[in-house]
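A structural walkthrough
Residue strings, one per chain:
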Amino acid sequence: MTTESNNTNSVGCGAGEYGLIAEFAGPGEVLRAAERLRVAGFRFWDVFGPYPLPGMCAAMGLKRSPVGWFGFFGGVIGFIIAVAGIWYLNEVHYPLPIGGKPFFSPFSAFPTAYELAILFAAIATFGGLLVLTGLPRVRHPLFGHRRFALATRDRFFVVIESADPNYHRENTQRFLETIGAVRVEVVMM
Amino acid sequence: MSVTEPNYDVKACGMALAKRVSGILICAGLIGAVVGMAIDLRRFAFAWLVAFMFFLSLCLGSLFLVIVHHLFDAAWSVSIRRICEHIACLVFPWMGLAFVPLVFLGRYVYPWGQAQNTGLWGLSSAADGGIRFWAWCALSVLFFGAWRWLAHTLRRLSLEQDETGEAKLTCRLRRYSVGGALILAATITGAATLWMKGVDQGWVSAIYGACFFSSCGWFAIAVAWLLTVVLRRNRSLGSLLGPVQFQSLGALLLAFTLLHAYMHYSQYFVIWNANLPEETSWYILREQGTWLHTGLVLVFGHFLLPFLVLLRSDWKLRSGVALAVCAWAWPMHYLDLAFNILPVASPAGFPLGSAWMDLSCLALVGGCLLRVFVRDYCRHPAFPQRDPRLNEALAGWDGHCLGLAPTETGSVWAISDNQSTDSAGT
Amino acid sequence: MNSRDRGELSVSDTRQHVEPEKEARGVLSPELVATPAGLAREPLIRGYRGLGWISDEVMRFNERSTPSWWRAGLLVALFLLVLGVVMVAYLVTTGIGVWGVGHPVMWGWATINFVWWIGIGHAGTLISAILFLLRQHWRTAVNRVAEAMTIFAVLCAALFPIIHVGRVWYIWWLLPIPTSNAVWPQFHSPLMWDVFAIATYLTVSVLFWYLGLVPDLALMRDRARRPVSRFFYGLFSLGWTGSQRQWHHYEKAYLIIAGLATALVVSVHSIVSLDFAATQLPGWHSTIFPPYFVAGAMFSGFGMVLTLVIPVRSLCGLENVITKRHIDLICKVTLATGSIVAYAFVVEGCYAWFGGKPYERFMILNRVTGPYWWAFLLVVACNFLAPQAFWFRKVRLNLRAVWVLSILINIGMWMERFVIVVGSLHRDFVPPNWSYYRPTWVDVCTFAGSFGLFFAFFLLFLRYLPVVAVSELKSIASNCISVCASSRQRLDARR
């Protein structure tokens, strides 16, 4: 990747450079830093840590997760498939008189439909989560970084990708240091 | 640190309106009730039973909330506990007084007063376990005694804690609640069986007590939520009511909406499957005429609509939604009880023509109870002032926040460097 | 202990009284009282030394060399498993007659085992989902174990109805698969609902469990020293980075699946109960059965959680994370669910008796005084009397006593299903049919085999997966500090 000059301060992005990784001392520090980064208008950046920080969604300006809609529609589809299927099998295609009950009854179809709705909703939620988080992803530039493995342990990192229009290696590095980063390093692709 | 409330009596001015409303309710209800009594005593007996069960379920549900608060050592519900205690204490003497007419009117309603049983199966003695008038009265007295003891003990100790602030009282309250939960379970089941299911089939569906319990809880939560929203607007409980309280009340209401539906679906489904005449007769009676539509209204209005509305977590924080849901709970709860009780009185369908009798009885009992509630509420502090968990309720904790071991807390913030780098793969 | 978060919050202000006239008029005056010593909430983590310490503490067992008790346990479990496989092979090649079932007791041990195992399988979801929705943070230390228990118990449970059908090779008839014979399953049958309920329960439990595991697997990947374990943990952690954008969706998804699992756990055992309640048999047909079975499932499940967690915490060195407070709380939940079961048991009896139907009355009399009176006594003793010991704090904190009681509860709940299944069947409407049911050695060995299956899986889980939900534990450990700090600010501001 060559130097870009289409943006005012987007210079100095070296070839194969993924971005800057900044380490923070604790959850409070990284929360404040995230607030500052959002205000500063960064777009391709993220915070990494061993657990979801409360208040981080607001600090990073994240919108309500749409993963619930996957579950909702999954459930609705599951329910409809089950009811329609049972109706077709027991009423249309192969009617059997059982216990003096109607061939198709919403009551006896309900347990199966309910289970299928939950099954579909759960699978759809899980699938929606994978879609929204971009997982599974086997390779990631950050996995190559020496200290990044600590993110699942007890460390908090902020990563700003070089793709960000505001990215400038030195300026951003300095900015990260002013907002409390303990250590800022460059991550390569 | 005294709270920055204005010095004039916020509570009293909010309550003047409540008093006026209760006055109107009592007057209108009284007129309706007298007229109803003159026109049709049998129908009036049923109307009175509906009104009685309506408010009894509210009291018992509130008692349940108080007990559950103590049992779970919850923090958020400290804010609403005093309200619930007051409502629970209405059960005696006030609901006891409302019960007295039933002793006289019962012969129009219950099998023990009738020559011929309305049920389709068996004799009058089999329909309610052969219970006789004296046994019915004795059990009723027993129930009221238990509730009186439970509700008033829980409130008395809680008020005592306002004075002394002793932690010992919390432990005592907890101990009473443990026994109280068992007593409440037994008495609610008994009351539902004797007073409600006993109208046409006493001991037929074993889940009936649990069904009635879920109705009690559902309605009591809706009323508690309504009161918190109203009282927060009145600013008298304001600082104690935060998102945690509203979120929790909404979640509880959602849970009880589901529980109620689950219980009733279980009952219906088991009976529907087995198809035994002595059981299905209860539902067959409730599928005649407009009762079928009443049942459908309940399915959609009592379950589906609140369920869908309460599913959204952010909506629970909107006071408009809360008011709408809680107001909606009143007619639904009335229909629920009417569906259980009234088909015996008017088998042809929902008694639209004489529903005014139900409403006047509801207004009469409700007006009286509202007046008592306002009196109690103004007489005592609006919340348990020295509850040990008040801090947590004030701060909006969800109560079961992690405590950390005392000795190590100092090093929590400073996660030292040598600790974190060692064994992690780098 | 002022440095404790809760203490700190309230020590600064202990104003002791309110002006009476203010109180009388009801004007607000919330005051802050220091939490009294007796009511302070006990810590959920002992000796907390930071987030990294939690990982070390939990992973210690996974990272040490294989202990001998683990090898021995696995050996025993595999032996039982082989025994079970042999028994199943014998059953399939010979026929259902090798079991003690026969007219009129057509459902014997296999059905009891099925209900018992699936009941045990409910505590996992209860702990992980319902207690999660109730914001009971103590669940975090035990939910992983309980979820694992759930999955393996459901596997064991699913085995029994499958082999009970007799001709196992036709088991696919239960599924609505389009085939040339054009015969479809009919959905009025509770057994069909079972198929869907259990399949869904197994799938969703695995999903929920796996979803909780993903961040912890990433942690194990990052800690792994050997390339092969790094590869496998890396593969199954799906490339989780711990990004807050991922966490954001993750938390929501976890909440939703917890809600779904809660709705599911109640429905599954209700459907299992409908296997009985949908019939017309006295003793089976009772409207309270669905909630009754759900409560029973939770009760037995919590009994099994206690049975497993108490050894696990000392064998895996998790005393700091699974503290005595956890055991104490689980005992309380066990007692509560046990009381609900007792309530349902009594109510069922009362309704059967007072309902005045002769068959129902006979069933109740027969349950108490009939040939299986001993089973009824065992149920009362193990299920209803034994848990009463949990009223006492001393008992709840005595791990040996709790463990013994939990075993009694397991036995009691098994006997309860025995009373329901065999006790209702063995004397049906026609007296010449009456008989006394006895299991055969094949019944016993098959049941033992299911234990082999369960413990083999469970031991493998203990060894190769994080036994405690590490990231959740970190979350509550750290969030508490920040919540305490922020609420202190809030209170200061109010002042």
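Per chain, the residues get numbers from 1 upward, laid out in the order the sequence is written. A letter from A marks each chain and a number from 1 marks each ligand, given out in the order of writing. Owing to the predicted nature of the model, reporting of local features is limited to residues with pLDDT of at least 70; listing and counting of side-chain atom pairs is limited to 80 or more, with chain, interface and lining totals taken over all residues. In computing side-chain properties, one takes all heavy atoms of the structure into account and sets aside hydrogens as well as water.

Next up on the list: the overall build of chain C. Numbering of helices and strands runs from the N terminus; a helix is a DSSP stretch of H or I covering at least four residues, while a strand is a stretch of E covering at least two. Scanning chain C from terminus to terminus reveals 17 helices and zero strands. In chain C, once contacts between residues fewer than 6 apart in sequence are set aside, the share between residues at least 24 apart is 80%. Carbon and sulfur atoms form 70% of the exposed surface of chain C, whose accessible area is close to 18,000 Å². Two residues qualify as a contact provided that any one of their heavy atoms is within 4.5 Å of a heavy atom in the partner residue. Using the Shrake-Rupley algorithm and a 1.4 Å probe, accessible areas are obtained, with residue cover drawn only from the displayed protein chains.

Time to look at the overall build of chain A. When you go through chain A residue by residue, the secondary structure sums to five helices and four strands. Ordering the α and β elements of chain A from the N terminus gives β-α-β-α-α-α-β-α-β. Here the C-alpha atoms of chain A give a radius of gyration of 25 Å, more than 25% beyond the 16 Å that 2.2 N^0.38 yields for 189 residues. Oriented by its inertia axes, the alpha-carbon framework of chain A measures out at about 80 × 35 × 30 Å. Three labels apply to residues, based on accessible area from a 1.4 Å probe with only protein chains included: buried if under 20% of the type maximum, exposed if over 50%, partly exposed otherwise in between. Across the 189 residues of chain A, 48% fall into the buried class. Considering only intrachain contacts with a sequence separation of at least 6, the fraction spanning at least 24 residues in chain A is 77%. Accessible surface for chain A amounts to roughly 8,600 Å². Of this, 63% is attributable to carbon and sulfur atoms. Asp and Glu are treated as the negative residues and Lys and Arg as the positive ones, with His and the ends of the chain left uncounted. Here the site of a charge means atom NZ of a Lys, CZ of an Arg, CG of an Asp or CD of a Glu. Of the charged side chains in chain A, 16 are positive and 14 negative; the average position of the first set lies 2 Å away from that of the second. Every radius of gyration here is taken over C-alpha atoms, with the globule rule written as 2.2 Å times N^0.38, N being the number of residues.

So, on to the nonpolar core. The definition of a nonpolar core used throughout is a set of buried Ala, Val, Leu, Ile, Met, Phe, Trp, Tyr and Cys residues joined through side-chain atoms within 4.5 Å. If you look at the biggest cluster of nonpolar residues, it comprises 335 residues, and the most contacted ones within it are Met95(B), Trp147(B), Trp195(B) and Trp117(C). No other element matches the 21 residues that helix H2 (residues 41-72) of chain B contributes to this core. Leave out the neighbours within four places in its chain, and Met95(B) touches Phe52(B), Phe55(B), Leu56(B), Cys59(B), Leu90(B), Phe144(B), Val365(B) and Leu369(B). Grouped together as the second largest cluster of nonpolar side chains are ten residues, Phe48(A), Leu150(A), Ala151(A) and Phe157(A) included.

Residues and elements named next belong to chain A. Along strand E1 (residues 17-24), eight of the eight residues are buried, which leaves the element largely enclosed by surrounding structure. Strands qualify as paired when DSSP identifies two bridges or more between them. Examined bridge by bridge, E1 and strand E4 (residues 183-188) share six bridges and lie antiparallel to one another. When the sheet's bridge partners are listed, Gly19 is paired in E4 with Val187. Relative to strand E3 (residues 156-161), E1 runs antiparallel, the two being bridged by six bridges. Note that in E3 the partner of Ala22 across the bridge is Val158.

Residues and elements named next belong to chain C. Counting all residues, the mean pLDDT for chain C is 83, and 89% of those residues have values of 70 or more. As a per-residue measure, pLDDT tells how confident the predictor is, with possible values from 0 to 100. Across chain C, element-level confidence peaks in helix H4 (residues 68-94) with a mean pLDDT of 93 and bottoms out in helix H1 (residues 5-11) with 32. Confidence over residues 1-30 falls short of pLDDT 50; this stretch has 83 contacts with residues more than four positions distant or in other chains. Interface predicted TM-score (ipTM) for the complex: 0.87; the corresponding pTM is 0.87.

Take the state of the cysteines next. The criterion for a disulfide is a pair of cysteine sulfur atoms lying within 2.5 Å. Overall, the coordinates contain zero disulfides over all chains when judged by the stated rule. Its sulfur unpaired, Cys171(B) is 19 Å from the next cysteine sulfur, which belongs to Cys331(C). Residue class for Cys171(B) comes out partly exposed when judged on its relative accessible area of 29%.

Glancing now at the packing of aromatic side chains. Planes of paired rings set the category: under 30 degrees apart is stacked, over 60 is edge-to-face and the rest tilted, where pairs are Phe, Tyr or Trp rings (Trp by its six-membered ring) whose centres lie within 6.5 Å. Considering all chains together, one arrives at 92 aromatic pairs over all chains under this definition. On the numbers, 6.3 Å between centres and 85° between planes, the contact of Trp70(C) with Tyr464(C) is edge-to-face. Here the residue Trp70(C) occupies a position in helix H4, and Tyr464(C) occupies one in helix H16 (residues 441-464), the gap between them amounting to 394 residues. Taken together, a centroid distance of 4.9 Å and an interplanar angle of 80° make the contact between Trp240(C) and Trp247(C) edge-to-face. Its relative accessible area of 2% is what places Trp240(C) among the buried residues. Directly above the ring of Trp272(B) sits Lys101(A), whose terminal nitrogen or CZ lies 5.6 Å from the centroid. In this structure, Arg361(C) is placed above the aromatic ring of Trp353(C), and the distance from its NZ or CZ to the ring centre is 4.6 Å. Definition used: whenever NZ (Lys) or CZ (Arg) falls within 6 Å of the ring centre and also within 35 degrees of the ring normal, the charge is taken to sit over that ring.

This brings us to the pattern of salt bridges. What counts as a salt bridge is simple: a side-chain nitrogen of Lys or Arg found within 4 Å of a carboxyl oxygen of Asp or Glu. This model, assessed by the stated rule, comprises 30 salt bridges over all chains. Between Glu23(A) and Arg183(A) there is a salt bridge, with the nearest N and O atoms lying 3.0 Å from each other. Of this pair, Glu23(A) sits in strand E1 while Arg183(A) sits in strand E4; the two residues are 160 residues apart in sequence, bridging distant segments of the chain. A relative accessible area of 3% places Glu23(A) in the buried class. Exposure remark for Arg183(A): the relative accessible area of 30% places this residue in the partly exposed category. Across the pair Arg64(A) and Asp314(B) runs a salt bridge whose closest N-O atoms are separated by 3.8 Å. Of the two residues, Arg64(A) is situated in the loop between helix H2 (56-60) and helix H3 (67-93) and Asp314(B) in the loop between helix H11 (291-311) and helix H12 (319-341); the pairing between them involves two chains. Salt bridges here are not isolated pairs; linked through shared partners, they connect Glu23(A), Arg147(A), Asp154(A), Arg155(A), Arg183(A) and Glu185(A).

Turning to the sheet that holds E3(A), a few remarks are in order. Strand pairing in a sheet takes place through backbone hydrogen bonds and is either antiparallel or parallel in direction. Residue and element names in this part refer to chain A. Within the open sheet, the four strands sit side by side as E2-E3-E1-E4. Their pairing is antiparallel. Because the sheet does not close on itself, it has two edges, and the strands there are strand E2 (45-48) and E4. Direction aside, neighbouring strands of the sheet carry axes that sit 20° apart on average. Strands in contact with helix H5 (residues 169-178) are E1, E3 and E4; relative to E1, the strand with the most contacts, it is inclined by about 15°. Axis definition: a line fitted to C-alpha atoms, limited for helices to the stretch in contact. Angles are taken between N-to-C directions and run from 0 to 180 degrees.

Every α-helical turn comprises 3.6 residues, leaving residues that sit three or four positions apart pointing alike. All names here are of chain C. For a helix, the expected span equals 1.5 Å multiplied by the number of residues minus one. Between its first and last C-alpha atoms H4 spans 39 Å; for 27 residues at 1.5 Å apiece the expected length is 39 Å, and the two agree. For H4, the full list of buried residues reads Trp70, Leu74, Ala77, Gly84, Met87, Val88 and Leu91. In this fold, the buried residues of H4 make contact with helix H3 (51-63), helix H6 (143-164) and H16. Trailing H4 by a residue or two, Gly95 shows a phi angle of about 135°, which is positive.

This paragraph deals with the packing of helix H7 (residues 190-223) of chain C against helix H8 (residues 227-236) of chain C. Residues and elements named next belong to chain C. The N-to-C vectors of H7 and H8 enclose an angle of 150°; their axes lie 8 Å apart at closest approach. Remark: the crossing between H7 and H8 carries left-handed chirality. Residues Tyr210, Val214, Leu217, Met220 and Arg221 of H7 form the contact with H8, whose own contacting residues are Arg230, Tyr233, Gly234 and Phe236. Amino acid classes used here: Ala, Val, Leu, Ile, Met, Phe, Trp, Tyr, Cys and Pro are nonpolar; Asp, Glu, Lys and Arg are charged; the rest, including Gly, are polar. Grouping the amino acids of the contact of H7 with H8 by side-chain chemistry returns six nonpolar, one polar and two charged. In this scheme the handedness of a crossing depends on how the near helix is turned from the far one: anticlockwise by less than a right angle means left-handed, clockwise means right-handed.

So, on to unusual backbone geometry. The omega angle of the peptide bond from Leu135(A) to Pro136(A) is -5°, so this bond is cis rather than trans. Each neighbour pair has its own omega, and for His103(C) with Pro104(C) the value is 0°, a cis peptide bond. Here Pro104(C) shows up in the loop between H4 and helix H5 (109-133). Phi at Asp73(B) is positive, roughly 55°, even though this residue is not glycine.

Let us look at a positive patch on the surface. All names here are of chain B. Together, Arg148, Arg156, Arg172 and Arg175 make up a region of like positive charge exposed at the surface. Mapped by element, the contributors of at least two residues to the positive patch are helix H6 (133-164) and helix H7 (167-196). Structurally, Arg172 can be placed in helix H7. Exposure above 30% relative accessible area and the lack of any salt bridge qualify a residue for a patch; like charges then connect within 9 Å, and the nonpolar side chains Val, Leu, Ile, Met, Phe, Trp and Tyr within 5 Å.

The subject of this paragraph is the side chain of Thr133(A). Residue position: Thr133(A) is located in helix H4 (residues 106-133). Looking at Thr133(A), the relative accessible area reads 13%, which means it is buried. For Thr133(A), the residues in contact, after removing those within four places along its chain, are Gln246(C) and His249(C).

Our next topic: the confidence of the model for chain A. All names here are of chain A. Looking at chain A as a whole, the pLDDT averages 81, with 92% of positions reaching at least 70. Least confident of the elements in chain A is H2, whose mean pLDDT is 79; most confident is H4, at 91. In the predicted structure, residues 1-12 sits below a pLDDT of 50 and forms 22 contacts with residues beyond four places in sequence or in another chain.

Let us now look at the packing of helix H9 (residues 243-274) of chain B against helix H9 (residues 244-277) of chain C. Following both chains from N to C, one finds H9(B) and H9(C) inclined at 20°, their axes separated by 11 Å at the closest point. By the angle class used here, H9(B) and H9(C) are roughly parallel. Crossing of H9(B) over H9(C) shows right-handed handedness. Only Val266(C), Ser270(C), Leu274(C) and Ala277(C) of H9(C) make contact with H9(B), whose side of the interface consists of Tyr262(B), Phe269(B) and Val270(B). Angle categories: roughly parallel below 35 degrees, roughly antiparallel above 145, roughly perpendicular from 65 to 115, and oblique for all the rest.

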